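# Structural description and commentary
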Amino acid sequence: MDALPTVLVKPGEADRVGAGHPWIYQGSILRLTRPTEDGDIVQVKDHRQRFLGVGFYNSKSKINVRILAPERVNVDEAFFEQRIRTALALRSRHLPGATSFRAVNAEGDLLSGLVVDKYEEVLVLQTSSLGMDRRKPMIVAALQKIFAPQAILERNDIASRRFEGLPEANGVLAGELPGASPVVQVRLNGLQFEVDLLGGQKTGLYLDQQMNYRRVAELIRGGQVLDGFTFLGGFALHAARAGAAQVHAIDQSQEAVAAALRNAGANGLAENCSFEAANVFDWLKARTAAKPHEKTVPCFDGIVLDPPSFTRNRAAVEDALRGYKEIHLRALKLLKTGGTLATFCCSHHVDARTFEEVILEAAFDARRLLRRVASYCQSPDHPIVPVIPETEYLKGFAYEAMR
Ligand code: SAH
């Protein structure tokens, strides 16, 4: 093992790495003891030669090393099998009975650069680091052993691969798609969703909301419900099943709205749901831009807002906060007194406190008083490791309008 090339890190960096943060940036490196190939395994030591771990090296990435283990392990098929089994055990404990979930979530499962989503009998894999990408055959073999899936796909059309010098790649890695189609029927909480595994957003679905669908539906029971940013109808269908009289759901994507409509039909909920392809900002504006002496009439008992991340980076945070404030202001004008607003923010750069501040500013402007009745985070198949702040991104709150 000492034959491995060694990356020495600068004083002051070792504590973060020792605490479990797996990334070593270019700027934190003192030197590499001898040349090594990108994608190979290196060992990492501090400036006093204290061993910190082994990981993948890539000189082309800003993250030069991604640590895999704090001990001297062989990164082989058995290593992946053991890590993936540990990840699966966590899902079995915290999402018992789920048949579709994120089986491996990168840093949250000590596998930086690897995501594996399970959609019933099909697995979808993303490798966002060179070291991981090179080991796809090993990972696929381990996955076959553990899950015996019908097919394993790769959905490697993500932007982050560019930072590692990796090309885009999409397709079947092993097995065959059921019915030779990338569209599969996925079950979440007993509801059925049609998911396009090769063409849809993310790897097909926003699995990170699986737990919150249930919890939000428990709060928003009857009445008129609005689901902004519905995608395939996740919150809308859960609310309709929980007893909402009518759910109106909006998404700007025509394809998403068409699929959401089919999902409503497949679950016998089409009568209580309507879907509309529209920009939520424009839609809300058209219903709340009253003339000075006119009053907006609140008409919803429940409103869900689950927009995409408005911030790709820290610099865009101010604009994003303006966007969040605007949709909350307008949505609150449409919420009846006693009604429930469930709202989410999936931007890692906006923390929960900042998010709530924006909501409260909007409530102030809309002259509403809110009681917080729930706080949400990403589902447990997207584990949060606090010493790796990047693992935490989804936050949400539910409020009742007290007046
Ligand atoms: N709530 C969904 C996930 C939403 S993801 C779920 O549980 O699955 C964000 C969605 O917002 C995407 O489907 C995207 O098409 C849509 N979207 C993005 N900007 C929008 C806008 N301005 N108006 C309406 N929809 C938008």
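Everything quoted here is computed from the prediction, not taken from an experiment. (Residues numbered from 1 in each chain as written. Predicted model: local features only at pLDDT ≥ 70, side-chain atom pairs only at ≥ 80, totals over all residues. Heavy atoms only, no water.)

Attention now moves to the environment of Arg135. Take Arg135: it is sitting in the loop between helix H3 (130–134) and helix H4 (136–147). Taking the relative accessible area as the measure of exposure, Arg135 reaches 13% and is therefore buried. Measuring from C-alpha to C-alpha, the distance between Arg135 and Leu219 comes to 45 Å, with 84 residues separating the pair along the chain. Setting aside residues no more than four positions away along its own chain, Arg135 makes contact with Gly39, Asp40, Ile41, Phe56, Val75 and Phe80. Polar contacts involving the side chain of Arg135 include one to the main-chain carbonyl oxygen of Gly131, which spans 2.8 Å. (Helix = DSSP H or I, 4+ residues; strand = E, 2+ residues; numbered from the N terminus. Buried < 20%, exposed > 50% of the residue type's maximum accessible area, 1.4 Å probe, protein only. Contact = heavy atoms within 4.5 Å. Polar contact = N/O pair within 3.5 Å; in protein donor to acceptor, adjacent residues only side chain to side chain.)

A separate point is helix H5 (residues 210–219). Turning to H5, its buried residues are Gln210, Asn212, Tyr213, Val216 and Ala217. Across the axial projection of H5, the buried residues extend over an arc of 155°, all falling on one side. Contact partners of the buried residues in H5: strand S7 (100–105), strand S12 (183–188), helix H6 (234–241), strand S17 (300–305), strand S18 (335–345) and strand S19 (370–377). (Arc of directions from axis to C-beta.)

Moving on, we get to the layout of surface pockets. Of the pockets and cavities examined, the second largest pocket occupies roughly 360 Å³. Top element by residues in the lining of the second largest pocket is helix H9 (residues 317–333). It accounts for three residues. Class assignment for the residues of the lining of the second largest pocket results in five nonpolar, two polar and seven charged. (1 Å grid on protein atoms, 1.4 Å probe; cavity = no way out; pocket = protein on both sides within 12 Å on 5 of 7 lines; lining within 4 Å. Points joined across faces, edges and corners; volume = space filled by probe spheres on them. Nonpolar A, V, L, I, M, F, W, Y, C, P; charged D, E, K, R; others polar.)

Attention shifts here to the sheet that holds strand S11 (residues 169–175). By definition, the strands of a sheet pair up through backbone hydrogen bonds, in either a parallel or an antiparallel sense. With mixed pairing, the five strands of this open sheet are ordered in space as S7-S8-S9-S10-S11. Because the sheet does not close on itself, it has two edges, and the strands there are S7 and S11. On average, each strand axis in the sheet is inclined to that of its neighbour by 20°, with strand direction left out of account. As judged from the six bridges shared by strand S8 (residues 114–119) and strand S9 (residues 122–127), these two strands associate in the antiparallel manner. Across the sheet, residue Val115 finds its bridge partner in S9, namely Gln126. (Pairing = 2+ DSSP bridges. Axes fitted to C-alpha atoms, helices over the stretch in contact; angles between N-to-C directions.)

This part takes up the packing of helix H8 (residues 280–288) against H9. Between H8 and H9, the shortest axis-to-axis distance is 9 Å and the interhelical angle comes to 40°. One finds that H8 runs oblique with respect to H9. Judged by the sense of rotation from one axis to the other, the crossing of H8 with H9 is left-handed. In this structure, H8 contributes Val280, Phe281, Leu284, Lys285 and Thr288 to the contact, and H9 contributes Gly323, Glu326, Ile327, Arg330, Ala331 and Lys333. Here the residues of the contact of H8 with H9 are counted per class, giving five nonpolar, two polar and four charged. (Parallel < 35°, antiparallel > 145°, perpendicular 65-115°, else oblique. Left-handed = near helix turned anticlockwise from the far one by under 90°.)

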